[in-house]
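# Tertiary structure, described
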Amino acid sequence: MKYNQINELMTDWRAYLDGSKDMYGVKEFQFPELTNLTTDIEGIGIAGKINAPVHGHFDSMETTLKWQVPNTMSLGLYGGRAISIEAYGDIQGFNAGATEYTHDQLYVSMRGRVKSHKPGTMKAGDAMESETTIETHYLKIEYAGKTICEIDKYGYKAVIDGVDVLEEVRKNIGM
C-alpha cells in the first residue's frame, strides 16, 4: 500500500523512434498541451456568450523535442515526415508510511508529423539547443500501468481517466 507517497522526480527516461531507434541526444520531451476545441454559444436562454468545449475534441497538439546538439537522427526529422515515439520514464517517489523509495513507470506513445526543426546555434563549449516540433495526432499516457489519457484524432477516440468520451458520439454518427 502506498500510504502517504510523494512522487518526487523523474529518475531517468528513454525514448525510441519508430519502434526501435534509441533517441540519444534528446534532453527534453515536452508533452503537447491538451486544449479542448471550443465554439461560441449564444442565443435564447444565454445572457451573453459562452466559449464551450467540444466534448472529446482537441485543438492542435504539438510535441517538442529538445536536443543537446543536432545529430543524424534529429537532422533527418523535417519536411512533414510521419514518426512515432515511445518514451519510458521512472518516477521516483517516497512512501513515508513505509519509509522507503518507490518507483513507477511513466509510458508515453505518440504519433505525428514533423512540423519544424531548428538545428540550433553554434557556440564553442555550449549546447546548441536544437529543437524539433511535431504535430501530434495520437497521444497515449500511462502511469503505473493505468491509461490516463489516450487521444487518437484519426481513430476518433478520446479516453480520459479510463472513459472513452467519444464512444457515444461514434455510435451516434454510425461509426
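Up top is the structure these notes are about.
Predicted model only: the values in this text are computed from it and were never measured.

## Regarding the pattern of salt bridges
Using the criterion set out here, one finds twelve salt bridges in the structure. Asp22 serves as the salt-bridge partner of Arg14, at 2.8 Å between the closest nitrogen and oxygen. Classification of Arg14 by relative accessible area gives partly exposed; the value is 37%. A salt bridge links Glu131 to Lys118, with the nearest nitrogen and oxygen atoms 3.6 Å apart. Of the two residues, Glu131 is situated in strand E9 (residues 130-143) and Lys118 in strand E8 (residues 100-118); the sequence distance between them amounts to 13 residues. Given a relative accessible area of 18%, Glu131 falls into the buried group. Where salt bridges share partners, they join Glu62, Lys115 and Glu135 into one cluster.

## Thoughts on the pairing of strand E11 (residues 157-160)
The pairing of strand E10 (residues 146-152) with E11 spans four bridges and is classified as antiparallel. Residue pairing for E11: Ile151 is matched across the bridge by Ala158. Note that E11 and strand E12 (residues 163-164) share two bridges and pair antiparallel. Across the sheet, residue Val159 finds its bridge partner in E12, namely Asp164. Counted along the chain from E11 to the antiparallel partner E12, the turn is two residues long, and its residue Asp161 has a positive phi close to 50°.

## Examining the nonpolar core
Judged by nonpolar contacts, the single largest core of 26 residues is most densely connected at Met23, Leu65 and Ile85. At the level of secondary structure, the elements contributing two or more residues to this core comprise strand E1 (5-17), strand E3 (26-30), strand E6 (62-67), strand E7 (82-95), E8, E9 and E10. Among residues more than four places away in sequence, those in contact with Ile85 are Ala15, Tyr16, Leu17, Met23, Phe29, Leu65, Val108, Ser109, Met110 and Ile134.

## Focus on unusual backbone geometry
If you check the backbone angles, Thr99 has positive phi at about 50° while not being a glycine. Of note, the phi angle at Asp161 is positive, near 50°, even though the residue is not glycine.

Reading the values: the criteria
Residues numbered from 1 in each chain as written. Predicted model: local features only at pLDDT ≥ 70, side-chain atom pairs only at ≥ 80, totals over all residues. Heavy atoms only, no water. Salt bridge = Lys/Arg side-chain N within 4 Å of Asp/Glu carboxyl O. Buried < 20%, exposed > 50% of the residue type's maximum accessible area, 1.4 Å probe, protein only. Helix = DSSP H or I, 4+ residues; strand = E, 2+ residues; numbered from the N terminus. Pairing = 2+ DSSP bridges. Core = buried A, V, L, I, M, F, W, Y, C linked by side-chain atoms within 4.5 Å. Contact = heavy atoms within 4.5 Å.

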